[in-house]
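Here's the letter readout for the chains.
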Amino acid sequence: MTRPIELDDLPKLPVVQGPTLSRDGKQVAFTVQRWDLEGDRYRSEIWLSRFGEPESARPLTAGRFRDHSPTFSPDGRYLVFVSDRGKNESGKDGGDTPVDHDLWLLDLTGGEAVRLTRLSGSCSSPQWSPDGSRLALLFQPRDPESPATSDRIRHVLDSAGEKLPAAMAPAKPTGSTTGKTKKAPPIVRRITRLHWREDEKGFLPARRTQLWTLDLSSLAQGAAHEKTAAAPGDTRLRRLTAGPYDHSWPVVSPDGSRLAVVSNRSPEPDHTDGHIDLWIVPADSGAAGGGKPAHENLDDEATGIVAPLLVPTPAGPVAAPSWSPDGKQLAYLGHTTPLDMW
């Protein structure tokens, strides 16, 4: 007997995403995502299977968090993935509750996941260098902590050079608990971009998604990774790009010397969605720790950041670049009608 899908059916419909092969082609890691009705959020776990043997599939993480984007180390021993497991368990995605997504490392020979980064924002798209000595990643910092709810409208108006209307000012304490008090000012956000919100993300930070690398040379030497996760200012972290531009799809060249990345670096990226180009950045460049001060504005230029090299391509958006084995060519997905993003 058939029936329409109901809300309670959603947690019963797992979504398999992001399969990735180990370098020897013997194992595949992937994400299984489910909807948590009670928590009002997605949860996902990392699974591992021998290639071509679906009955061998087993979960590597417990599914209490949002674990995703697994990627194998070149020797197949480690798996790096992105997770929000470092946050308070009661936190929720979106809204006013900040949720950080950091990099975690899992040793497939056994043991618990180890936290690699401790950053205020969202890491994504980890990519190993061929020798396993570092990771390329994307990172979008959270904006500075918002002022308290009752102060937000004043904060927004002050930043625009305006004043809070007297009628909306909070009432001053009078010592009496019986008199009426004025209502607290409403929550206000000042929107300065056309592209200001996304599904599953909510309000977007003003800061952009930049290309970074994380030094993992201790793993390449066969030693355990440092117990302390890399935080802002840590010299194991290097920021390779800057400016008011978002970056995506990082891929490491076969020799590890270069990184290809996709970015719309036009003067008004939000107004020219189809002007997405392919760029190359030297892997050994970048600002140590993100630049100084590392915790203030990570979109600014800093010592060590090299201007990316534009790869000439036909007009139109670029996505999913991939290096040829000899590192001389790049294949990508795209089309040649930049005015039609869809």
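Figured I'd write up the structure that's included with this text. Computed from a predicted model, the values in this text were never measured in an experiment.

With respect to the overall build of the protein
Part 1 of the reasoning: When helices and strands are tallied, the protein shows two helices and 21 strands.
Part 2 of the reasoning: The buried share of the protein, reckoned over its 342 residues, is 42%.
Part 3 of the reasoning: Sequence separation of at least 24 residues holds for 51% of the intrachain contacts in the protein that already meet a minimum separation of 6.
Part 4 of the reasoning: Here the protein displays about 19600 Å² of accessible surface, and carbon together with sulfur accounts for 54% of that area.

Considering the pattern of salt bridges
Part 1 of the reasoning: Evaluation of the coordinates by the stated rule reveals 15 salt bridges.
Part 2 of the reasoning: Linking Asp 36 and Arg 43 is a salt bridge whose minimum nitrogen-to-oxygen distance equals 2.6 Å. Each member of the pair, Asp 36 together with Arg 43, is buried.
Part 3 of the reasoning: Through salt bridges that share partners, Arg 193, Arg 208, Asp 246 and Asp 270 make up one connected network.

Observations concerning the sheet that holds strand E10 (residues 134–141)
Part 1 of the reasoning: Taken in spatial order, the five strands of this open sheet run E9-E10-E13-E14-E18, and their pairing is antiparallel. Whereas interior strands pair on both sides, the edge strands pair on one side only; in this sheet they are strand E9 (121–128) and strand E18 (287–288).
Part 2 of the reasoning: Pairing between strand E13 (residues 210–215) and strand E14 (residues 237–239): three bridges, direction antiparallel. Note that in E14 the partner of Thr 213 across the bridge is Arg 238.

Focus on the side chain of Asp 107
Part 1 of the reasoning: Tracing the backbone through its elements, the reader meets Asp 107 in strand E7 (residues 102–107).
Part 2 of the reasoning: Under the relative-accessibility criterion, Asp 107 is labelled buried at 17%.
Part 3 of the reasoning: Here Arg 77 takes part through its side chain, which lies 2.9 Å from a polar atom of the side chain of Asp 107.
Part 4 of the reasoning: For Asp 107, the contacting residues outside a window of four places in its chain are Arg 77 and Tyr 78.

Observations concerning the side chain of Ser 266
Part 1 of the reasoning: One can find Ser 266 in the loop between strand E16 (258–263) and strand E17 (277–282).
Part 2 of the reasoning: One polar contact links Ser 266 to Thr 272, side chain to side chain, over a distance of 2.8 Å.

Here's the deal with the packing of aromatic side chains
Part 1 of the reasoning: As enumerated under the stated definition, the model contains four aromatic pairs in all.
Part 2 of the reasoning: A ring pair is formed by Trp 35 and Tyr 42, whose centres lie 4.6 Å apart and whose planes are at 75 degrees; its orientation type is edge-to-face.
Part 3 of the reasoning: Residue Trp 35 is classed as partly exposed on the basis of its relative accessible area of 23%.
Part 4 of the reasoning: With a centroid separation of 5.7 Å and 85 degrees between ring planes, the pair formed by Phe 139 and Trp 212 is classed as edge-to-face. One end of the pair, Phe 139, is in strand E10; the other, Trp 212, is in strand E13, with 73 residues separating them in the sequence.
Part 5 of the reasoning: A relative accessible area of 3% places Phe 139 in the buried class.
Part 6 of the reasoning: Here the guanidinium or amino end of Arg 197 rests over the ring plane of Phe 203, the centre of that ring lying 4.8 Å away.
Part 7 of the reasoning: In this structure, Arg 265 packs its charged tip against the face of Trp 279, placed 5.4 Å from the ring centre.

A short note on the pairing of strand E1 (residues 15–21)
Part 1 of the reasoning: Judged from the five bridges that link them, E1 and strand E2 (residues 27–36) form a sheet pairing that is antiparallel. Along E2, the bridge assignment pairs Thr 20 with Ala 29.
Part 2 of the reasoning: In this structure, the hairpin formed by E1 and E2 is closed by a connection of five residues, where Gly 25 is found at a positive phi of approximately 75 degrees.

A short note on unusual backbone geometry
Note: most residues except glycine have negative phi, and most peptide bonds are trans.
Part 1 of the reasoning: Residue Ser 69 is not a glycine yet carries a positive backbone phi of 55 degrees.
Part 2 of the reasoning: As for its position among the elements, Ser 69 is in strand E5 (residues 68–72).
Part 3 of the reasoning: The residue Trp 249 is not glycine, and still its phi comes out positive at about 55 degrees.
Part 4 of the reasoning: Residue Trp 249 is classed as partly exposed on the basis of its relative accessible area, which comes to 45%.

Conventions we followed
- Residues numbered from 1 in each chain as written.
- Predicted model: local features only at pLDDT ≥ 70, side-chain atom pairs only at ≥ 80, totals over all residues.
- Heavy atoms only, no water.
- Helix = DSSP H or I, 4+ residues; strand = E, 2+ residues; numbered from the N terminus.
- Buried < 20%, exposed > 50% of the residue type's maximum accessible area, 1.4 Å probe, protein only.
- Contact = heavy atoms within 4.5 Å.
- Areas by Shrake-Rupley, 256 points an atom, 1.4 Å probe, with all protein chains shown as cover.
- Salt bridge = Lys/Arg side-chain N within 4 Å of Asp/Glu carboxyl O.
- Pairing = 2+ DSSP bridges.
- Polar contact = N/O pair within 3.5 Å; in protein donor to acceptor, adjacent residues only side chain to side chain.
- Phe/Tyr/Trp six-rings, centres within 6.5 Å; stacked < 30°, edge-to-face > 60°.
- Lys NZ or Arg CZ within 6 Å of the ring centre and 35° of its normal.

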